[in-house]
Amino acid sequence: MQEYWEAYVKPIDGHKAMVSFNAGVADGAPHFEYMYVGFVKVKLKNSKEDGLVTQEEADDVGFIEDRLEMESLRWRVGKYIGRIITQGEVNFIYALKLDFEWPNAVNEAMKHFEYKYEYGSKQDIEWDVYQKLLFPTVREWQIIANHHACDNLKKQGDTLDKERAIEHKSYFTSDVKREKFKKRILKEGFKIQNQVEVPFQETTMYGVLYYRIDKPFYYDIDELTMKLIDITNMFGGNYDGWESSLVKKY
């Protein structure tokens, strides 16, 4: 299983939560070598008003995270798959091969820190915690992709506050559905750029490329793409992201 991490914000039980997850383990999940899930819940000493971690305490969270990983490797208990920060608590989540050594690994790690904590484990053969709690929905994945694209534009000198043509793609299972979508999207002020037919498995996907003058700033593009996902879904299609030219401020 590879290692690469993503992070996003979502509500959990009505409270703001910062979710970080090991996206590299998603391919092939559930992994039946790891039949248990283990957690460590650490109480923050001075969380922000929204329940997330302060900059001052973020270093401590990082040190705890590193120590837990070190001890999990030493005790050979499992793999770090996610972290949730919410309601003034940090939840570290591990996929475990077996759970009988889990208390030893946790206590050896946490003895180095003056933080209140609790831990536990349970059988999770289907990886429900990872797939239903940590792993993002289609909409949450789109927000992650949006912010990566915005970060990339900013690194190249784009301030993101200038309007420009932003191109979008949506795909449908039939030309009829695509045509209905095109009529609707024109009412939203978009213009059709092109349409394509793409072989997919044993069928054909009917794509449409369309654009409108908008700003690609983080919250603006999030709101726009969420709306486009909804409209695309109305006609049984899949939204496939956006592209923008680079606009530098001189």
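The coordinates are above.
Residues numbered from 1 in each chain as written. Predicted model: local features only at pLDDT ≥ 70, side-chain atom pairs only at ≥ 80, totals over all residues. Heavy atoms only, no water.

Focus on a nonpolar patch on the surface
Together, F32, M35 and I125 make up a nonpolar patch on the protein surface, roughly 260 Å² of accessible area in all. Mapping I125 onto the fold places it in the loop between β6 (117-123) and α3 (128-134). (Patch = residues over 30% accessible without salt bridge, like charges linked within 9 Å, V, L, I, M, F, W, Y side chains within 5 Å. Areas by Shrake-Rupley, 256 points an atom, 1.4 Å probe, with all protein chains shown as cover. Salt bridge = Lys/Arg side-chain N within 4 Å of Asp/Glu carboxyl O. Helix = DSSP H or I, 4+ residues; strand = E, 2+ residues; numbered from the N terminus.)

Some thoughts on unusual backbone geometry
Between A29 and the following residue, P30, the backbone shows a cis peptide bond with an omega angle of 5°. For P30, the location among the structural elements is in the loop between β2 (15-22) and β3 (36-43). Of note in this structure, W127 is not a glycine but carries a positive phi near 60°. With respect to the helices, strands and loops of the structure, W127 is situated in the loop between β6 and α3. For W127, a relative accessible area of 3% gives the class buried. Even without being glycine, Q201 reaches a positive phi, approximately 55°. Looking at where Q201 falls in the secondary structure, it is placed in the loop between β8 (191-200) and β9 (203-214). (Buried < 20%, exposed > 50% of the residue type's maximum accessible area, 1.4 Å probe, protein only.)

What to know about the pattern of salt bridges
Oppositely charged side chains can pair when the atoms bearing their charge come close. Inspection of every chain in the model, using the stated rule, returns 18 salt bridges. The salt bridge involving K132 is made with D128; its shortest N-O contact spans 3.9 Å. Of the two residues, K132 and D128 both sit in helix α3, four residues apart, roughly one turn of that helix. Under the relative-accessibility criterion, K132 is labelled exposed at 66%. Of the residues examined, D128 reaches a relative accessible area of 35% and is grouped as partly exposed. Residue D240 is joined to K169 by a salt bridge in which the shortest nitrogen-to-oxygen separation is 3.8 Å. Of this pair, D240 sits in strand β10 (residues 238-244) while K169 sits in strand β7 (residues 164-172), and the two are 71 residues apart along the sequence.

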